Amino acid sequence: MFSKREVLVGSLKVGGTAPLSVQTMTNSRTEDVKSTIEQIRRATAAGCDLIRVSCPSPESTVALKEIIKHSNIPIIADIHFNYKRGLEAIDAGAQCIRINPGNIPAIGVNEIVRAAKYHGVSVRIGINSGSVEKAILAKYSEPSVDAIVESALLNCKKLEDLDFFNFKVSVKSSDVRVTVASYRKLAAKIDYPLHLGITEAGTLFSGTIKSAIGIGSLLLDGIGDTIRVSLSSDICEEVRVGRQILKSLSLIGNSINIVSCPTCSRTLVNVIDLSEKLEIYCASVKKHMKISILGCVVNGVGEAQHSDIGIYGFRRGIAKIYFKGIEHCEAKAPEVFDVVKTLIDEF
Ligand code: SF4
């Protein structure tokens, strides 16, 4: 969305003026075609735009061919060390190849780029703080911001020298500050699309917070074109968190923004239960709306008047519901969810 260049991952545009995309990575064994296809299906249903699949063995790239046939979203093959896996993945139909040119011999990088050019496949240069080249590490003594960015620029140049420009770049660290500073520095030097993420961010709880801070800070700076939240959790959680980060910054179209109060002793309806139920229901609804759910009249009326659907506790167990800023009806607490669902459909 923010960089000047655009790459194509299959039919999906990344960079330029394209909408920000959300991606994740399968964690089944790639050779287990059935499980991997099922993961991709679940991630797609959760709102994933593109997905990465590891290809560590010849068997995995054979499986990849079958997996690609069953995927409705573009697939990025994750390649390390052995360039032959990259060639096999391109032959299998992968729409993008993720490599760290630093861990593949130059001859292998040449071969992958030649095949990528021939087949119109894009590449992601994935630099991680844990895999910066030894020579650069020796110069900086640690995977610092300068070391990470130098590694990224070196690897961009390797592809540019091969007359290849169809790539995006990531510079991830598990340290939020290092990651943010690295992307900021890199974004000032190149105009290739940037894939954002905090690597090895941790569990669903802590990784969500780290990712929201890191990815969110960069997006607020206007940096980033596609995001991946890395969590030690179900891959669909990565997608949900990624989409929520974009939603929170109004960077995603056709999504429902739910505003709900923290509740207090004035609360007259079950805000927590209703908000959670609506959040689940709204996750798959493609409409651009704001819904407010407040426990009482204190802020309830004002929010309701400025929401597409506004709900607030009016009397104990009774909610008042606004539609498009105008008072619509009253409903008993157990009926509110169904009334709101009908209004969402009508909107
Ligand atoms: Fe409490 Fe009402 Fe504010 Fe909710 S809106 S936190 S119930 S005062």
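Each residue is numbered by its place in its chain's sequence as written, counting from 1. Reporting in this predicted model follows two pLDDT cut-offs: at least 70 for local features of residues, and 80 or more for side-chain atom pairs to be given and counted; totals over whole chains, interfaces and linings ignore these cut-offs and use all residues. Side-chain metrics in this entry use all non-hydrogen atoms of the structure; hydrogen atoms and water are not considered.

S.K.: I'm lost on unusual backbone geometry in this one. Help?
M.R.: Glycine aside, residues mostly have negative phi, and peptide bonds are mostly found in the trans state. In this structure, Ser250 takes a positive phi of about 55° despite not being glycine. Here a helix means four or more residues in a row that DSSP labels H or I, a strand means two or more in a row labelled E, and each is numbered from the N terminus. Checked against the element boundaries, Ser250 lands in the loop between helix 9 (235-248) and strand 11 (256-260). Any residue under 20% of the maximum accessible area for its type is buried, any over 50% is exposed, and the rest in between are partly exposed; the area is computed with a 1.4 Å probe on protein chains only. Given the relative accessible area of 63%, Ser250 is considered exposed. Of note, Lys324 is a non-glycine position whose phi angle comes to about 55°, a positive value.

S.K.: Would you mind going over the sheet that holds strand 8 (residues 167-172) with me for this structure?
M.R.: The strands making up a sheet are joined through hydrogen bonds of the backbone, oriented either antiparallel or parallel. A pair of strands is treated as paired once DSSP finds two or more bridges between them. Strand order in the open sheet made by the eight strands is 8-7-6-5-4-3-10-9, with parallel pairing throughout. Looking at strand neighbours, the two that pair on one side only are strand 8 and strand 9 (195-196), the edges of this open sheet. Examined bridge by bridge, strand 6 (residues 96-99) and strand 7 (residues 122-128) share four bridges and lie parallel to one another. Bridge pairing in strand 7 links Arg98 to Arg124.

S.K.: Explain the pattern of salt bridges to me, please; I cannot follow it from the model alone.
M.R.: Here a salt bridge means any side-chain nitrogen of Lys or Arg lying within 4 Å of a carboxyl oxygen belonging to Asp or Glu. For the coordinates displayed, the defined rule picks out 20 salt bridges. Note that Arg85 and Glu88 form a salt bridge whose closest N and O atoms lie 2.8 Å from each other. Of this pair, Arg85 and Glu88 both sit in helix 3 (residues 83-92), separated by three residues, roughly a single helical turn. Classification of Glu88 by relative accessible area gives partly exposed; the value is 26%. The partner of Glu238 in a salt bridge is Arg228, with the nearest N and O atoms 3.0 Å apart.

S.K.: How do you make sense of helix 7 (residues 176-187) when you look at a structure like this?
M.R.: Helix span, expected: 1.5 Å multiplied by one less than the number of residues in the helix. Spanning 12 residues, helix 7 covers 16 Å between terminal C-alpha atoms, matching the ideal 16 Å at 1.5 Å per step. Taken together, the buried positions of helix 7 are occupied by Val176, Val178, Thr179, Val180, Ser182, Tyr183 and Leu186. In the core, the buried residues of helix 7 are packed alongside helix 6 (145-161), strand 8, strand 9 and helix 8 (204-220). Here a residue-residue contact requires only that any non-hydrogen atoms of the pair lie within 4.5 Å.

S.K.: Teacher, can you tell me more about the packing of aromatic side chains here?
M.R.: To describe a pair of aromatic rings, one takes the distance between the centres and the angle between the planes. Here the aromatic set is Phe, Tyr and Trp, taking the six-membered ring for Trp, and pairing holds for ring centres within 6.5 Å; pairs whose planes are under 30 degrees apart are stacked, those over 60 apart are edge-to-face, and all others are tilted. Within the structure shown, the criterion is met by four aromatic pairs. A centroid spacing of 6.0 Å and a plane angle of 45° characterise the contact between Tyr312 and Tyr322, whose relative ring orientation is tilted. Linking Tyr312 in strand 13 (residues 309-315) with Tyr322 in strand 14 (residues 318-323), this pair joins segments that are 10 residues apart in sequence. What makes Tyr312 buried here is its relative accessible area of 4%. Relative to Phe347, the ring of Phe323 has its centre 6.5 Å away and its plane inclined at 75°; by these criteria the two rings are edge-to-face. Note that Phe323 is positioned in strand 14 and Phe347 in the segment after helix 12 (333-346), a separation of 24 residues in sequence. In this structure, Lys277 packs its charged tip against the face of Phe337, placed 4.9 Å from the ring centre. In this structure, Lys320 is placed above the aromatic ring of Phe314, and the distance from its NZ or CZ to the ring centre is 3.7 Å. As a reminder, the over-ring test applies to NZ of lysine and CZ of arginine, requiring each to be within 6 Å of the ring centre and within 35 degrees of the ring normal.

S.K.: Help me understand the domain arrangement of the chain, please; the structure alone is not making it clear to me.
M.R.: A common way to state how big an interface is: give the accessible area lost once the parts meet. Domain segmentation is taken from an automatic or database assignment of domains. Taken domain by domain, the chain holds domain 1 (6-248) and domain 2 (256-346). With centres defined by C-alpha atoms, the gap from domain 1 to domain 2 works out at 39 Å.

S.K.: How should I be thinking about the pairing of strand 3 (residues 21-25) in this particular structure?
M.R.: Within a regular strand, side chains alternate between the sheet's two faces. Burial within strand 3 is extensive, with five of its five residues counted as buried. Side-chain alternation along strand 3 places Ser21, Gln23 and Met25 on one buried face and Val22 and Thr24 on a second face that is also buried. When strand 3 meets strand 10 (residues 226-228), the two strands line up parallel, connected through three bridges. Following the sheet pairing, Gln23 is matched in strand 10 by Arg228. Of the pairings in the sheet, the one linking strand 3 to strand 4 (residues 50-54) comprises three bridges and is parallel in character.

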